[in-house]
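Next come the chains, spelled out residue by residue.
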Amino acid sequence: MRARGIRRLAERVPRLGIAHVRGASMAPVLAPGDRLLVDHRGRPAPGRVVVARFADGTVAVKRAVERRETRSGAAGWWLLSDNLAEGVDSRHRGPVAEDDVIAVVRVRLWPRPGRLR
């Protein structure tokens, strides 16, 4: 896809969206039922909470820890749960390709609005 086609595709994706947390893998920072404001054009960075799609299609909220290469050698991210006893993350599935990091979490909207620590 040429650069012009990529720009057109990016223009069709809304910049901001809402994610819904399920499960306790991000406790104590996030709880089941939390609603998050996400930025689809945000850039992941170590320590940021992101929404990502694992290779099996599972979409999850995880913390970006560091850049790593995927098995194919592409740029990717090592993603972990804050609650290591719960959920599935890069320890189980390996690094997530950079293109599969769908959004960066900006703030929790509900039930306790505010920035994430």
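Starting afresh in each chain, residues are numbered from 1 along the sequence in its written order. In view of the model being predicted, local features appear only for residues whose pLDDT reaches at least 70, and side-chain atom pairs are presented and counted only at 80 or more, with totals across whole chains, interfaces and linings using the full set of residues. Side-chain metrics rest on all non-hydrogen atoms present in the structure, leaving aside hydrogens and water.

> What should I look at first to understand the overall build of the protein in this one?
The numbering of helices and of strands both runs from the N terminus, where a helix is a DSSP run of H or I of at least 4 residues and a strand a run of E of at least 2. Scanning the protein for helices and strands turns up two helices and seven strands. Its helices and strands taken in sequence order, the protein reads α-β-β-β-β-β-α-β-β from the N to the C terminus. Atoms considered for the radius of gyration are the C-alpha atoms alone. The globule rule reads 2.2 Å times the number of residues to the power 0.38. Taking 13 Å as the expected radius of gyration for a compact globule of 117 residues, we find that the protein reaches 14 Å, a close match to that expectation. With respect to the principal axes defined by its C-alpha atoms, the protein has extents near 40 × 30 × 25 Å. Relative accessibility under 20% of the residue-type maximum defines a buried residue, over 50% an exposed one, and the middle range a partly exposed one, all with a 1.4 Å probe and only protein chains included. A total of 117 residues make up the protein; the buried ones form 34% of that total. Within the protein, residue pairs in contact and separated by at least 24 positions form 52% of the contacts whose partners lie at least 6 positions apart. For every accessible area listed, the method is Shrake-Rupley and the probe measures 1.4 Å; residues are considered covered only by the protein chains on display. Of the roughly 7300 Å² of accessible surface on the protein, 53% is carried by carbon and sulfur atoms. Note that His is not counted, nor are the chain ends; the positive residues are Lys and Arg, and the negative ones are Asp and Glu. A charge is said to be at NZ when it belongs to Lys, at CZ for Arg, at CG for Asp and at CD for Glu. Of the side-chain charges in the protein, 24 are positive and 12 negative, and the distance between the mean point of each set is 6 Å. Any two residues having at least one pair of non-hydrogen atoms within 4.5 Å are treated as being in contact.

> Explanation requested: the sheet that holds strand E4 (residues 59-69) in the structure shown.
Neighbouring strands of a sheet are bound in pairs by backbone hydrogen bonds; such pairs are parallel or else antiparallel. One open sheet accounts for seven strands, arranged E1-E2-E7-E3-E4-E5-E6; its pairing is antiparallel. Either end of the sheet is taken by a strand with one partner, and the two such strands are strand E1 (16-20) and strand E6 (96-97). Strands are treated as partners if at least two bridges between them are detected by DSSP.

> I would appreciate a short explanation of the environment of Met26 in the present structure.
Here Met26 is to be found in the loop between E1 and strand E2 (35-39). On a C-alpha basis, the gap between Met26 and Arg15 in space is 24 Å, while along the polypeptide they are 11 residues apart. With residues near it in sequence (within four places) discarded, Met26 still touches Val49, Val61, Lys62, Arg63, Leu80, Ser81, Asp82 and Asn83.

> Got a minute to help me understand unusual backbone geometry in this structure?
For residues besides glycine, phi is generally negative; the peptide bonds are generally trans as well. For the bond running from Ala27 to Pro28, omega is 5°, close enough to zero to count as cis. Here Pro28 lies in the loop between E1 and E2. Of the consecutive residues Trp110 and Pro111, the connecting peptide bond is found in the cis state with omega at 5°. By the secondary structure assignment, Pro111 is in the segment after strand E7 (101-110).

> What should I look at first to understand the packing of aromatic side chains in this one?
Geometry of an aromatic ring pair is reported as the spacing of the ring centres plus the angle between the planes. By convention, a stacked pair of Phe, Tyr or Trp rings (six-membered ring in the case of Trp) has centres within 6.5 Å and planes under 30 degrees apart, an edge-to-face pair has planes over 60 apart, and any other such pair is tilted. For the coordinates displayed, the defined rule picks out zero aromatic pairs. For Arg68, the ring lying beneath its charged end belongs to Trp78, and the centroid distance is 3.9 Å. The criterion is that NZ of a Lys, or CZ of an Arg, lies within 6 Å of the ring centre and within 35 degrees of the ring normal, and then a charge sits over that ring. A cation over an aromatic ring shows up here: Arg93 above the ring of Phe54, its NZ or CZ 5.9 Å from the ring centre.

> Explanation requested: the environment of Ala45 in the structure shown.
Along the polypeptide, Ala45 turns up in the loop between E2 and strand E3 (49-53). Placed 32 residues apart in sequence, Ala45 and Trp77 show a C-alpha to C-alpha distance of 9.1 Å. Setting aside its immediate chain neighbours within four residues, Ala45 contacts Ala64 and Trp77.

> Where do I start with the side chain of Asp39 in this structure?
Looking at where Asp39 falls in the secondary structure, it is placed in strand E2. Relative accessible area serves as the criterion here: at 3%, Asp39 is assigned to the buried category. Side-chain polar atoms of Asp39 contact the side chain of Arg15, separated by 3.1 Å. Among residues more than four places away in sequence, those in contact with Asp39 are Arg15, Leu16, Ala103, Val104 and Arg106. Each polar contact in these results corresponds to two N or O atoms within 3.5 Å; when the atoms are within protein, one needs to be able to donate a hydrogen and the other to accept it, and residues that are neighboring in sequence are counted only if both atoms are side-chain atoms.

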